[in-house]
Amino acid sequence: MAGRVESVGKNVKRFQPTDEVLGDVFKSGLGAFAEYVCATENAFVLKPASTSFEEAAAVPVAALTALQGIRDKGQVQAGQRVLINGASGDVGTFAVQIAKSFGAEVTGVCSTRNVEMVRSIGADHVVDYTKEDFTQKEVRYDIFLDTVGTRSLSDCRRVLTENGIYVGIGGPKTSLRLLGRMVAMLATSMFGSRKMVSMLASQTKEDLVVLSDLLESGEMIPVIDRTYPLDETPEALRYLGEGHVRGKLVISI
């Protein structure tokens, strides 16, 4: 969420009323579909003045996931090749830009309607999965960030370099199938130098600061598909459920 501070507790040192902030209220009980939220000060960082509230609200949790997936799990280095499957989605649009900020060569995978958008946010190469199979191409990648999990693990492993890392975020919709995929990833990593890992983002103040800095520098610009007023939140969730959102949806108060 993002907003303007209305009041602070007596022990709060980092913020004062009127400060503009962005943050993740996950550890404070969830819930940002509201005019007011209450959370600990570590849930927030200052919002860059040049960033709108709508843009700032789109950052957590998707950009946290992209940052930690690319930087921490993928251990990205400048000059490496990074493949992002689902590059037009919430995590994917941030991942393209974050990987570029680390100096990587980025390939995004998306559908035809999103090719130009993914290219516009910095992808060096874009693969239209409706026209070509990225797992059958000759190029190999140092990091494969998979936000959709629609391809077999053997297909995913095939596109990695000898020491490449597959980072799985998306996957099967049922808990049992997802657990099975995670176990298979663990087993696959036990043999050979290629690694396959899964992840969930964790909220940290330090990483929110990193993301705020990327916003301020212009290296990361949130892609917002649609903005809805608060009373149309159910419609926003229906559209989200269709599975075709480009970037993020935002509820504007």
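Our subject is the structure that appears above.
Residues numbered from 1 in each chain as written. Predicted model: local features only at pLDDT ≥ 70, side-chain atom pairs only at ≥ 80, totals over all residues. Heavy atoms only, no water.

J.: Hey, could you run me through the nonpolar core in this one?
T.: One recurring pattern in soluble globular proteins: nonpolar side chains tend to sit buried together. In terms of nonpolar packing, the biggest core is built from 40 residues, with Val82, Ile84, Phe94, Ile98, Leu211 and Met220 touching the most fellow members. Where this core is concerned, the elements lending two or more residues are helix H2 (62-73), strand E4 (81-85), helix H3 (90-101), strand E5 (105-110), helix H4 (115-120), strand E7 (141-146), strand E8 (160-168) and helix H7 (205-217). Beyond its immediate sequence surroundings of up to four residues, Met220 is in contact with Val59, Ala63, Phe94, Gln97, Ile98, Leu211, Leu214 and Leu215. Counting residues in each nonpolar core, the second largest holds 13 residues, with Val127, Tyr141, Val159 and Met196 among its members. (Core = buried A, V, L, I, M, F, W, Y, C linked by side-chain atoms within 4.5 Å. Buried < 20%, exposed > 50% of the residue type's maximum accessible area, 1.4 Å probe, protein only. Helix = DSSP H or I, 4+ residues; strand = E, 2+ residues; numbered from the N terminus. Contact = heavy atoms within 4.5 Å.)

J.: Got a minute to help me understand the sheet that holds strand E1 (residues 2-4) in this structure?
T.: As a general point, the strands of a sheet are linked pairwise by backbone hydrogen bonds and lie either parallel or antiparallel. If you walk across this open sheet you meet the three strands as E1-E2-E3, and the pairing is antiparallel. The sheet is open, and its two edges are formed by E1 and strand E3 (44-46), each paired on a single side. Along the sheet, successive strands turn relative to each other by an average axial angle of 35 degrees, direction set aside. By the bridge criterion, three bridges tie E1 to strand E2 (residues 20-23) in an arrangement that is antiparallel. From the neighbouring strand, Arg4 faces E2, where its bridge partner is Glu20. In this fold H7 packs onto E2 and E3, with an angle of close to 30 degrees to the strand it touches most, E3. (Pairing = 2+ DSSP bridges. Axes fitted to C-alpha atoms, helices over the stretch in contact; angles between N-to-C directions.)

J.: How should the sheet that holds E7 be read in this particular structure?
T.: One open sheet accounts for six strands, arranged E6-E5-E4-E7-E8-E9; its pairing is parallel. Looking at the sheet topology across the chains shown, the edges are occupied by strand E6 (125-128) and strand E9 (195-198). Strand-to-strand twist in this sheet, taken as the mean axis angle between neighbours without regard to direction, amounts to 15 degrees. Strands E4, E5 and E7 of the sheet are contacted by H3, whose axis makes an angle of about 175 degrees with E4.

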